[in-house]
Every structure is written in C-alpha cells, then in structure tokens.
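Listed here are the chains, written in short residue letters.
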Amino acid sequence: MNDSKSCPECNQPLKNGYIVSSRRISWSESGESVWTDVKSEVLIKDAWFKLKKTPALKCETCHLVMFKPQ
C-alpha cells in the first residue's frame, strides 16, 4: 500500500501498517447483533499459531482504517 494516498474522509495522509488479529473479522450489512457470522462475509480468517497481520492504511487524524481482504 502506498504512503502517498490521502484519506477519503478528511484528505490527510494515510499511514501504512497492519491490522493484527487472532480472530476472524467479518462484514455484515445488518446492524443487528448476531451470535455467529454464518451469513457474513469473512474478511480476515482466524489465526492458528501466530497473530494474523493484514496490510492496512490508517488515517492518524480521523482514525479511518482501510484494508483489502486476503
């Protein structure tokens, strides 16, 4: 990911980094609470032996984080 990109929210520079997670991260269009992510899209899968690192961009000003699922 490229440092020269600007935040789509506030137009400030984006910083390269990683989302670090031992658990899966899923997407749902519903705002309701759920017990499982069966009908959700898994964006980051569970890690097994070490934490999963997914490349991401973060805005230090408004805290927006962007990443592409792997």
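Everything below is about the structure shown above.
Procedures and definitions
Residues numbered from 1 in each chain as written. Predicted model: local features only at pLDDT ≥ 70, side-chain atom pairs only at ≥ 80, totals over all residues. Heavy atoms only, no water. Helix = DSSP H or I, 4+ residues; strand = E, 2+ residues; numbered from the N terminus. Disulfide = S-S within 2.5 Å. Buried < 20%, exposed > 50% of the residue type's maximum accessible area, 1.4 Å probe, protein only. Salt bridge = Lys/Arg side-chain N within 4 Å of Asp/Glu carboxyl O. Contact = heavy atoms within 4.5 Å. Phe/Tyr/Trp six-rings, centres within 6.5 Å; stacked < 30°, edge-to-face > 60°. Lys NZ or Arg CZ within 6 Å of the ring centre and 35° of its normal.

Looking at unusual backbone geometry
The phi angle of most residues is negative, glycine excepted, and most peptide bonds adopt the trans form.
Then step 1. Of note in this structure, N11 is not a glycine but carries a positive phi near 70 degrees.
Then step 2. Examined against the element boundaries, N11 turns out to sit in the segment before strand 1 (14-21).

With respect to the state of the cysteines
Then step 1. If you walk through the whole model with that rule in mind, you get zero disulfides.
Then step 2. The structure places no disulfide on C59, whose sulfur is separated from the nearest cysteine sulfur, that of C10, by 3.4 Å.
Then step 3. Owing to a relative accessible area of 0%, C59 belongs among the buried residues under this scheme.

Description of the pattern of salt bridges
Then step 1. Evaluated as defined, the whole model comprises one salt bridge.
Then step 2. Its salt-bridge partner being K58, residue E60 comes within 3.9 Å of it at the nearest N-O pair.

What about the side chain of T54?
Then step 1. Mapping T54 onto the fold places it in strand 4 (residues 52-59).
Then step 2. In this structure T54 comes out as buried when scored by relative accessible area, which is 1%.
Then step 3. The contacts of T54, once residues within four sequence positions are left out, are G17, Y18, I19, I44, F67, K68 and Q70.

A look at the packing of aromatic side chains
Then step 1. Tallied over the entire structure, the rule returns zero aromatic pairs.
Then step 2. Its guanidinium or amino end placed over the ring of Y18, K53 lies 4.5 Å from that ring's centre, counting from NZ or CZ.

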